[in-house]
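This is what each chain is made of:
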Amino acid sequence: MKYSRGFNLIELLIVMAIIASFSGILVYNFRSSSSNATARNQSANIVSADIRRMQSMALAGSSYQGLPTCGFGVHYVDVRTYLLFARPYATPCDTGLYNAAGDRIIEQKQLSNTRLMIKSSFFDIFFAPPHPTTYIGGSSSSSQPPSVIEIVLQQGAGSGTGTKISVYTSGKIDTTN
């Protein structure tokens, strides 16, 4: 009987094809997961910047359309949309909750990436000058839990990782993965 030492050409080609297939799948998955994380982070940075913009406008005591204001805020509309609003003094200033009848919409914002969404509704965030006092869901109590905005991929709405933006009544705004 003849014994062969080593591998023949066909066996080597099959092993190389299997390794190439696994490598291709791995590279594809790595690229898509890293681009998904980048997209989530970019959208979270835009939302955070909008929240900080409202906070800065309240801190500066800005007026809106020539009307003095008692604050500026952010209101959840749906999984892709939120509002930036100003509250003129003509509207009662005792609450940080959005008032469609009295508040002025500065801008209606949408997440720019259509594959992303806000995982669930969040409490209204409102900044009242001069400090500014931060209201979350109508309360400025330090025991109030933060308003959390989580941005996720649409197909992963029920699970998976997201980028979270937490806004505290102290005025602190955190972004975490």
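Provided above is the structure to which this section pertains.
Now for a description of the structure that goes with this document. All values reported here derive from a predicted model rather than from experimental measurement.

## Considerations on the sheet that holds strand β9 (residues 173-176)
- With antiparallel pairing, the four strands of this open sheet are ordered in space as β4-β7-β8-β9. At either margin of the open sheet sits one strand with a lone partner, and together these are β4 (116-118) and β9. Ignoring which end each strand starts from, the neighbouring axes of this sheet average 15° apart.
- As paired strands, β4 and strand β7 (residues 147-153) are joined by three bridges and run antiparallel to one another.

## Details of the sheet that holds strand β2 (residues 81-88)
- Pairing is antiparallel across the open sheet formed by five strands, whose spatial order is β3-β2-β1-β5-β6. One side of each edge strand has no neighbouring strand; the edge strands of this open sheet are β3 (104-110) and β6 (133-136). Strand-to-strand twist across the sheet, computed as the mean angle between neighbouring axes with direction ignored, equals 15°.

## Some details on the packing of aromatic side chains
- Per the stated rule, a full pass over the model turns up four aromatic pairs.
- Aromatic side chains Tyr76 and Phe122 sit 5.6 Å apart centroid to centroid with 75° between the ring planes, which places their arrangement in the edge-to-face category. Pair noted here: Tyr76 is in strand β1 (residues 69-78) and Phe122 is in the loop between β4 and β5 (125-128), with a separation of 46 residues, a long-range link.
- Each ring, one from Phe126 and one from Tyr135, has its centre 6.1 Å from the other, and the planes form 50°; the classification is tilted.

The rules behind the values
- Residues numbered from 1 in each chain as written.
- Predicted model: local features only at pLDDT ≥ 70, side-chain atom pairs only at ≥ 80, totals over all residues.
- Heavy atoms only, no water.
- Pairing = 2+ DSSP bridges.
- Helix = DSSP H or I, 4+ residues; strand = E, 2+ residues; numbered from the N terminus.
- Axes fitted to C-alpha atoms, helices over the stretch in contact; angles between N-to-C directions.
- Phe/Tyr/Trp six-rings, centres within 6.5 Å; stacked < 30°, edge-to-face > 60°.

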